[in-house]
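Each chain is listed here by its residues.
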Amino acid sequence: MLPPLPPPRLTRLVRCVFGLVLLGVGLGLVVAADLGAAPWDVLHQGLSERLGITIGTASIGVGIVILLAWIPLREKPGVGTVLNVFVIGATMDLTLAVVDRPDPLWVQVAFLVLGVWLWGPGSGLYIGSGLGSGPRDGVMTGLARRGLRVGRVRSAIEVVALSVGVLLGGTIGIGTLVFAIGVGPNVAWWLPRLDMRGGAAPRRRLRPARA
């Protein structure tokens, strides 16, 4: 039997953008829940407070800086990589512009749960479109090719980002922990079901789309 033909590029692009929008909405809801931001958004939140800019703008700025780090690492971004930087940040700002922090605790929890859940289908659509890895994954794989261990590189990047965010005034809490623990299994369930790259990715290699 012949292998299936790759899906049209336009279809992949639409799915990629829709997935990134879901990711941005999810992050916006987690921030609006005010129970602790997602790990990288702790950094973006801290920068937002210090520089007087929106959290989405901070996210875009950090993403651009990370993409610049691809140059010496000789990584090649795809169209999805670039869209990742701008669409997620812009969607976060739009979400926070229309969604206020809820007062009842149960609504805050609902926002948090929904925001984390959206990262499953969002990541599945984005990663499954096969149009480019996330900016942070490019740095990780670039350093790994130079002899560093992937796990250690990834852990170091995450710890540094979270630590700097805390020092800048970013908010950590139960939401940060829920996001960090819940995203992996959520993405692992959705990606094989939404993958358009001719086969599901191995579960041990799954990474959040923001990565």
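The coordinates are above.
All of the points below concern the structure found in this document. (Residues numbered from 1 in each chain as written. Predicted model: local features only at pLDDT ≥ 70, side-chain atom pairs only at ≥ 80, totals over all residues. Heavy atoms only, no water.)

## Notes on the overall build of the chain
Then, in step 1: Looking only at helices and strands, the chain has 9 helices and 0 strands in total.
Then, in step 2: Counting only residues that meet the buried cut, the chain has 48% of its 211 residues in that class.
Then, in step 3: A total accessible area of about 10700 Å² is found for the chain, and carbon and sulfur atoms account for 69% of it. (Helix = DSSP H or I, 4+ residues; strand = E, 2+ residues; numbered from the N terminus. Buried < 20%, exposed > 50% of the residue type's maximum accessible area, 1.4 Å probe, protein only. Areas by Shrake-Rupley, 256 points an atom, 1.4 Å probe, with all protein chains shown as cover.)

## Quick word on a nonpolar patch on the surface
Then, in step 1: Taken together, I64, L68, I71, V82 and F86 make up a surface patch of nonpolar side chains, about 460 Å² in accessible area.
Then, in step 2: Those elements that place two or more of their residues in the nonpolar patch are helix 3 (55–68) and helix 5 (79–98).
Then, in step 3: As for its placement among the helices and strands, I64 is situated in helix 3. (Patch = residues over 30% accessible without salt bridge, like charges linked within 9 Å, V, L, I, M, F, W, Y side chains within 5 Å. Salt bridge = Lys/Arg side-chain N within 4 Å of Asp/Glu carboxyl O.)

## Quick look at unusual backbone geometry
Then, in step 1: In this structure, D34 takes a positive phi of about 60° despite not being glycine.
Then, in step 2: Among the secondary structure elements, D34 is positioned in the loop between helix 1 (9–33) and helix 2 (39–51).
Then, in step 3: The backbone phi angle of R74 is positive, close to 60°, even though this residue is not glycine.
Then, in step 4: By relative accessible area, R74 is classed as exposed at 72%.

## Observations concerning the packing of aromatic side chains
Two descriptors summarise a pair of aromatic rings, namely the distance from one centre to the other and the angle between the planes of the rings.
Then, in step 1: Counted by the stated rule, this structure contains 3 aromatic pairs.
Then, in step 2: Ring centres of W117 and W190 lie 5.8 Å apart, and the angle between their planes is 80°; on these two criteria the pair is classed as edge-to-face. In this pair, W117 is assigned in helix 6 (residues 105–128) and W190 in helix 9 (residues 174–194), connecting sequence segments 73 residues apart.
Then, in step 3: Given the relative accessible area of 19%, W190 is considered buried. (Phe/Tyr/Trp six-rings, centres within 6.5 Å; stacked < 30°, edge-to-face > 60°.)

## Here we look at the packing of helix 3 against helix 5
Then, in step 1: Relative to each other, helix 3 and helix 5 sit at 170°, their axes nearing to 7 Å. The orientation of helix 3 relative to helix 5 falls into the category roughly antiparallel. Where helix 3 approaches helix 5, its residues I55, G56, T57, S59, I60, G63, I64 and L67 are matched on the opposing element by T81, V85, F86, G89, A90, M92, D93 and L96.
Then, in step 2: Each residue belonging to the contact of helix 3 with helix 5 can be placed in one class, and the counts come to 9 nonpolar, 6 polar and 1 charged. (Axes fitted to C-alpha atoms, helices over the stretch in contact; angles between N-to-C directions. Parallel < 35°, antiparallel > 145°, perpendicular 65-115°, else oblique. Contact = heavy atoms within 4.5 Å. Nonpolar A, V, L, I, M, F, W, Y, C, P; charged D, E, K, R; others polar.)

## Regarding helix 7 (residues 135–144)
Then, in step 1: Counting buried residues along helix 7, 8 of its 10 residues qualify, which places the element largely inside the surrounding structure.
Then, in step 2: Residues P135, R136, D137, G138, V139, M140, G142 and A144 constitute the buried set of helix 7.

## Observations regarding the pattern of salt bridges
Then, in step 1: The final tally for this structure, using the stated rule, is 2 salt bridges.
Then, in step 2: For D34, the salt bridge goes to R101, with nearest N and O atoms at 2.7 Å. With D34 in the loop between helix 1 and helix 2 and R101 in the loop between helix 5 and helix 6, the pair connects residues that are 67 residues apart, well separated along the chain.
Then, in step 3: Looking at D34, the relative accessible area reads 37%, which means it is partly exposed.
Then, in step 4: The salt bridge partner of R101 is D103, with a shortest N-O separation of 3.9 Å.
Then, in step 5: In this structure R101 comes out as partly exposed when scored by relative accessible area, which is 43%.
Then, in step 6: Among the residues examined, D103 registers a relative accessible area of 65% and is labelled exposed.
Then, in step 7: Counted as one network, the salt bridges with shared partners bring together D34, R101 and D103.

## Section: the environment of D137
Then, in step 1: Structurally, the position occupied by D137 is in helix 7.
Then, in step 2: Sequence separation between D137 and I66 is 71 residues; the distance between their C-alpha atoms is 9.9 Å.

## Structural notes on the environment of G56
Then, in step 1: Locating G56 in the fold gives a position in helix 3.
Then, in step 2: Once the C-alpha coordinates of G56 and F86 are considered, the two residues, 30 residues apart in sequence, prove to be 8.7 Å apart.

## A word on the packing of helix 1 against helix 5
Then, in step 1: For the pair helix 1 and helix 5, interaxial distance at closest approach is 7 Å and the crossing angle is 40°. Taken together, the axes of helix 1 and helix 5 lie oblique to each other. Crossing geometry of helix 1 relative to helix 5 is assigned as right-handed.
Then, in step 2: Tallied by class, residues from the contact of helix 1 with helix 5 come to 17 nonpolar, 6 polar and 1 charged. (Left-handed = near helix turned anticlockwise from the far one by under 90°.)

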